[in-house]
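Listed below are the residues making up each chain.
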Amino acid sequence: MSSSTLNISCYLTLFVVLFSGFGLRAQEGDQILDGIGETDLIARYTLEEDLKDWSRNNLHATITEEPQFVEDLQFEKTLSFSGKTNEYIYLPNQVLNGVESLSVSSWLYLKGENQGAFLFDFGKKEGNHFFAVPDNFKNIAGFVAGLETDSNLQPASGAQTIEKGKWVHLVVVLDFPAQALRTYINGEEAAEEMIRFDLSDAFTGTGNQLVIGQSLDAKAPAFTGKLHDFRIYRTPLTENQIKRIYNGALHATHVVNERDEENVGLPQFDKNVPQLYNSFLTDVADITVNTAVGELPRLPRYLKGNYRNGIENAPQVRVIWPAPTDNAAVARAGSYTITGTVPGTDFKPKATVVVSENSVQPAPLQKLEGFQLNQVFLNPDSSGEATKFMENRDKFLSTLAGTNPDSFLYMFRDAFGQTQPEGAFALGVWDSRETKLRGHATGHYLSALAQAYASTAYDKSLQQTFDQKINYMVDVLYNLSQLSGNPQTTGGPAESDPTAVPVGLNKSSYNSDLSEEGIRTDYWNWGKGFISAYPPDQFIMLEKGAKYGGQVDQIWGPYYTLHKILAGLMDIYEVSGNKKALQIATGMGDWVHARLSKLPTDTLISMWNTYIAGEFGGMNESMAHLYSLTGEERYLETAKLFDNIKVFYGDAQHSHGLAKNVDTFRGLHANQHIPQIVGALEIYRDSQSPQYLKVADNFWYKVKNDYMYSIGGVAGARNPANAECFISQPATIYENGLSAGGQNETCGTYNMLKLSRGLFMIDPRTEFMDYYEQGLYNQILASVAEDSPANTYHISLRPGSSKQFSNADMTGFTCCNGTALESSTKLQNSIYFKTKDDQALYVNLYVPSTLNWESKGISIEQETSFPREDETTLIVKGKAKFDLRLRVPEWATQGFSVTINGKAEKLQATPGSYLSISRNWKNGDRITVKMPFGFHLKPIMDQPNIASLFYGPVLLAAQETEPLTEFRKIKLDARDLGKTITGDPKALEFEIDGTLFRPFYDTYGRHSVYLDVSLE
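Calculation rules
Residues numbered from 1 in each chain as written. Predicted model: local features only at pLDDT ≥ 70, side-chain atom pairs only at ≥ 80, totals over all residues. Heavy atoms only, no water. Core = buried A, V, L, I, M, F, W, Y, C linked by side-chain atoms within 4.5 Å. Buried < 20%, exposed > 50% of the residue type's maximum accessible area, 1.4 Å probe, protein only. Contact = heavy atoms within 4.5 Å. Salt bridge = Lys/Arg side-chain N within 4 Å of Asp/Glu carboxyl O. Helix = DSSP H or I, 4+ residues; strand = E, 2+ residues; numbered from the N terminus. Pairing = 2+ DSSP bridges. Phe/Tyr/Trp six-rings, centres within 6.5 Å; stacked < 30°, edge-to-face > 60°. Lys NZ or Arg CZ within 6 Å of the ring centre and 35° of its normal. 1 Å grid on protein atoms, 1.4 Å probe; cavity = no way out; pocket = protein on both sides within 12 Å on 5 of 7 lines; lining within 4 Å. Points joined across faces, edges and corners; volume = space filled by probe spheres on them. Nonpolar A, V, L, I, M, F, W, Y, C, P; charged D, E, K, R; others polar. Expected span 1.5 Å × (residues − 1). Axes fitted to C-alpha atoms, helices over the stretch in contact; angles between N-to-C directions. Polar contact = N/O pair within 3.5 Å; in protein donor to acceptor, adjacent residues only side chain to side chain. Left-handed = near helix turned anticlockwise from the far one by under 90°. pLDDT = per-residue confidence, 0-100. Parallel < 35°, antiparallel > 145°, perpendicular 65-115°, else oblique.

A. Representation of the nonpolar core. The biggest cluster of nonpolar side chains holds 244 residues, and the ones touching the most others in it are Y559, F699, L738, L755, L841 and L886. Among residues more than four places away in sequence, those in contact with Y559 are F539, L542, V592, L596, W608, E615, F616, M619 and F642. Listed in part, the 47 residues of the second largest apolar core include F122, L170, V172 and F230.

Dropping the structure here:
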């Protein structure tokens, strides 16, 4: 929508229902989320004793006068405004960058004359602005809230003025999908007005000013009264959420994740009406499956069905099976029956489960290995144009090459009390001074530098740039690490034992204060080997039960940050041989081993199951990797101390859990747990303990089949009400997913690709690489901005959504901005694999590229414009004998043919398999693969008519021009989906009923990924 649609303003004048006096106490920081996902919360100013933002974004406010915090009978302490015209609060202008919807919540106490005084005013002095005035705006009596442009007023009337001397809770909501402005008073909706607006246009850029207590031009009468707990959300809060905020203040409730949220903004469908191919279904086959005592069976999610009306090309039938929370059904040998459901139908397919006594199976060894990044190079397509892979890679490499390493070292030097180099400046967002996760981006940066160095052999100058940055980073980190646990001066005091770290100087307890005045820098007391961008207190506090939040007695995932640093150091060691990098890693590994090895199992279980505070990223992966690099058993032992026993094994007795195929992760924070599974797989590779492989494989199967959205992302729940969580029950994405705050956290897909890659190398099942292709093309490639390396955090898949990109200049990182550095500097890493005995080559992805298979003395060049054409040619340069194994994608149902040097091969290719060709290959041999694309649908499992349209591997998104409250409806032919679709396959542009569809990875405006599809 263009900004011209903003030439409307809407005002609500409201009768305010007041409440009588009540007793309540102040809320405590950002741990208390009132059941609202933390990614929805942009900023929260409690206004009790400072102007800090207590959300995790650290968007601290400033005030024009010395702030006056006063005692209050109801909120203990609040911010008081005395009535001075020049007394008001400024918020950072990036608070509203990229928002589409917006909610502002605040407690308000009016005293004195406030006619025409602003509660807040957000926008530009000359242009769009969003505001609220408690009493009498431009002669409109009562409370007025609105969105204005060009002074075009459309006032409403009839409300009364807010009564003075009473605390009132106000919420103003701009709901973009509904194009509505709503106001809530004391938890109840007071008024609603339909308007036209597009905040993503209005609040993009640096020209915004955001003030509280005054108008943007500072000419309004002064605000007189008190404010408490001023919050800004990026989503349109629902009435239930607003009630939770209101009641939470009244009753001081402490809620992190609410378990239920209404189905707001999504159309409702009759659950008894069959959709898509199910409306033609006549029967579904029953099945028999086998399992061992104690292990729940793996049930196929798709079964063979029969259809009427001559429909023969319909996909298999999606069946939803019960999902037990324990393994009691398989406690002994025998058999039993499970009954499934087919959405919208009366069909109840049955699975007969045969339970046999356990038989010991040999643990499979890793069969495949990847090629080094400097052995595979991305090429232009067959017409000489840069591919999406090259475009994204080059955006990141060029910006990465211009970064200042001192910014990524700033908080490390700060933690150790060291002088900053001239010109150094700190990163922002989650690496700013008081953010308890600071240093996380440095770990990603180290990995990205290593990958960039390995990938740029084609440009020696660029490669040298990355080499210099690597050496500088490692040298500084090494020197800092050597300070830990050693005296500041010869003969001075020091504590070298990691388990005996004392409380900081002049402090009474361990705390997470990182302010300039409060941070401890007594590195000589931290134990040998410690390195981080903050002191060791957070690690110790976690052991003592600290929770996640912004207060000094709360923490934010200390081991999460440490994992990034260790992984980055080991990545550097492996590509460059820098021994200092390994020394830093082993020192920190020893520090961690010393502390964790002394903790009882119950404490470890509690730590690793503490929401966010206990998030450890892939520390188990890093410690196991450290073992593989050094051979030191203590590192493998430490890796196992990170076992999330509750998720992996159900309990300390290992009664069930993922190792027994029980879904123990439903409703949990997705990317807190996916890296833990990647780590379990790494431990398996090093230990051959079969339970770790079962944990990883069972998790992958469940996530891919029961929690995945069409782009390859796997999180985004309304129930629980947190966009970063798995849905509360498997296979219920429509009922419990599609969060209004977005879903598919991009770093979650980054980790799912790592897991898929690792599992494939142990068990080369095609489904792993089919998923890899789906997530790579339709989320990772689709997550990068058109003209910069800015990238997505969450990607909303509701109708008429748009992607929100950030961190174009690499100066302020969220988790997904960090993993994006890694994803886009290793895009070539899974195109080819080889068997460990060098006897077979797997071609997994059809991407223009060159492979240097050095151990065979050959190279292979892949020429193609895939996916803008449905064929590829592999050209052998050199001579060698090996098996060539070509992936036959699951979507290749229109055929898969191979010619060698122009001669057709008589081969049987089955979608979802690898086709193997064995011969003595000669120099110049050309293998051409043809795989005609077709249209196919990927429906939501519990609401099949809501589906995404694919052409081959490519997700096609409807290009929208305005917000939608319902899914775009399309009708397709059940026998041939493409019959009524027109367009240009070479350009990957199609039309359905006049609407343009393009690849999601080439979509930068408003889009619809899911459609309401009917078949005829």
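B. How the structure looks around the pattern of salt bridges. One pass over the structure, following the stated rule, counts 49 salt bridges. As a salt-bridge pair, R520 and D522 come within 2.8 Å of each other at their nearest N and O atoms. Each member of the pair, R520 together with D522, is buried. R685 is paired through a salt bridge with E682; the nearest N and O atoms lie 2.7 Å apart. Of this pair, R685 and E682 are both found in helix 14 (residues 670–687), three residues apart, which corresponds to roughly one turn of the helix. Exposure remark for E682: the relative accessible area of 10% places this residue in the buried category.

C. Inspection of the pairing of strand 39 (residues 935–940) at higher detail. When strand 39 meets strand 40 (residues 943–951), the two strands line up antiparallel, connected through six bridges. Looking across to strand 40, one finds that I940 is bridged to Q943. Counted between consecutive antiparallel strands, the loop separating strand 39 from strand 40 contains two residues.

D. Structural detail: the packing of aromatic side chains. Here the structure, examined in full by the defined rule, presents 61 aromatic pairs. An angle of 80° between the planes, with centres 5.1 Å apart, marks the rings of Y523 and W524 as edge-to-face. Put simply, the rings of F416, Y523, W524, W526, F530, Y534, F539, Y559, W591, W608, F616 and F642 touch in pairs and so form one group of aromatic residues. In this structure, R298 is placed above the aromatic ring of Y701, and the distance from its NZ or CZ to the ring centre is 4.4 Å. The ring of W921 has R919 sitting right over it, with the charged end atom 5.2 Å from the ring centre.

E. Spotlight on empty space enclosed by the protein. Taken as a whole and judged by the stated rule, the model has eight cavities of 30 Å³ or more. Of the volumes computed, that of the largest cavity is approximately 100 Å³. Residue classes in the lining of the largest cavity are distributed as eight nonpolar, two polar and four charged. A volume near 70 Å³ is recorded for the second largest cavity. Lining the second largest cavity we find D770, E773, Q774, E890, W891, H936, K938, F950, G952 and P953. Broken down by secondary-structure element, the contributors of at least two residues to the lining of the second largest cavity are helix 18 (766–780) and strand 39. Among the elements that take part in the lining of the second largest cavity, helix 18 stands out by supplying three residues, more than any other. Among the residues forming the lining of the second largest cavity, the class breakdown is three nonpolar, three polar and four charged.

F. Region of the structure containing the environment of E239. Mapped onto the secondary structure, E239 falls in helix 2 (residues 239–251). The spacing of E239 and Y184 is 55 residues in sequence and 8.1 Å in space, taken between C-alpha atoms.

G. A look at helix 18. If you check helix 18, its first and last C-alpha atoms are 20 Å apart, about what 15 residues at 1.5 Å a residue would give, namely 21 Å. When you tally the buried positions in helix 18, you get 14 out of 15 residues, the bulk of the element.

H. Broad picture of the pairing of strand 15 (residues 224–233). Within strand 15, ten of the ten residues are buried, which leaves it mostly tucked inside the rest of the structure. Taken together, the seven bridges between strand 7 (residues 102–110) and strand 15 define a ladder with antiparallel strand orientation. Note that in strand 15 the partner of V104 across the bridge is I232.

I. Region of the structure containing the sheet that holds strand 23 (residues 368–370). What the five strands build is an open sheet, ordered 23-29-30-34-37; its pairing is mixed. Here the strands that pair on one side only, and so sit at the sheet edges, are strand 23 and strand 37 (913–921). Ignoring which end each strand starts from, the neighbouring axes of this sheet average 30° apart. Alignment of strand 30 (residues 840–843) against strand 34 (residues 880–888), held across four bridges, turns out to be parallel. For Y842, the partnering residue across the bridge sits in strand 34 and is R885. On top of the sheet, helix 17 (residues 746–762) reaches strand 23, strand 29 (832–835), strand 30 and strand 37; it is set at about 140° to strand 23, its chief contact.

J. Examining the environment of S383 more closely. Looking at the secondary structure, you find S383 in the loop between strand 24 (376–378) and helix 3 (388–401). Within the structure, the side chain of S383 is placed 2.7 Å from the side chain of D381, a separation counted as a polar contact.

K. Quick look at the packing of helix 5 (residues 440–455) against helix 6 (residues 460–481). It is at 9 Å that the axes of helix 5 and helix 6 come closest, and there the two elements cross at 145°. Crossing geometry of helix 5 relative to helix 6 is assigned as left-handed. On the side of helix 5, the interface is formed by T442, Y445, L446, L449, A450, A452 and Y453, while helix 6 contributes Q463, F466, D467, K469, I470, M473 and L477.

L. Region of the structure containing the sheet that holds strand 31 (residues 849–853). One open sheet holds the seven strands; their spatial order is 24-31-32-33-38-35-36, and the pairing between them is antiparallel. Looking at strand neighbours, the two that pair on one side only are strand 24 and strand 36 (903–904), the edges of this open sheet.

M. Main features of the confidence of the model for the protein. For the protein, mean pLDDT is 91; residues scoring 70 or higher make up 94% of the total. For residues 1–31, every residue scores under 50 in pLDDT, and the model assigns this stretch 136 contacts once sequence neighbours within four places are set aside. A low-confidence stretch, residues 154–158 stays under pLDDT 50, and its non-local contacts, those more than four residues away or across chains, total eleven contacts.

N. The arrangement of the packing of helix 15 (residues 690–706) against helix 18 in detail. Remark: helix 15 packs on helix 18, axes separated minimally by 12 Å, with the N-to-C direction vectors making an angle of 50°. Of the possible angle classes, the one that applies to helix 15 and helix 18 is oblique. Handedness of the helix 15/helix 18 crossing: left-handed. When helix 15 is examined against helix 18, the residues D697, W700, Y701 and K704 are found in contact with a partner set consisting of E767, F768 and Y771. The residue makeup of the contact of helix 15 with helix 18, split by class, is four nonpolar, no polar and three charged.

O. Geometry of the environment of A947. Examined against the element boundaries, A947 turns out to sit in strand 40. Each C-alpha atom, one on A947 and one on V1013, is 6.6 Å from the other, the two residues being 66 residues apart in sequence. In this view, A947 contacts L276, L937, K938, P939, V1009, Y1010, L1011 and V1013; residues no more than four positions away in its chain are not counted.

P. The arrangement of the side chain of S103 in detail. By secondary structure assignment, the location of S103 is in strand 7. Here L237 takes part through its backbone nitrogen, which lies 2.9 Å from a polar atom of the side chain of S103. Not counting residues within four places of it along the chain, the set of residues in contact with S103 comprises V172, V173, R231, I232, Y233, T235, P236 and L237.

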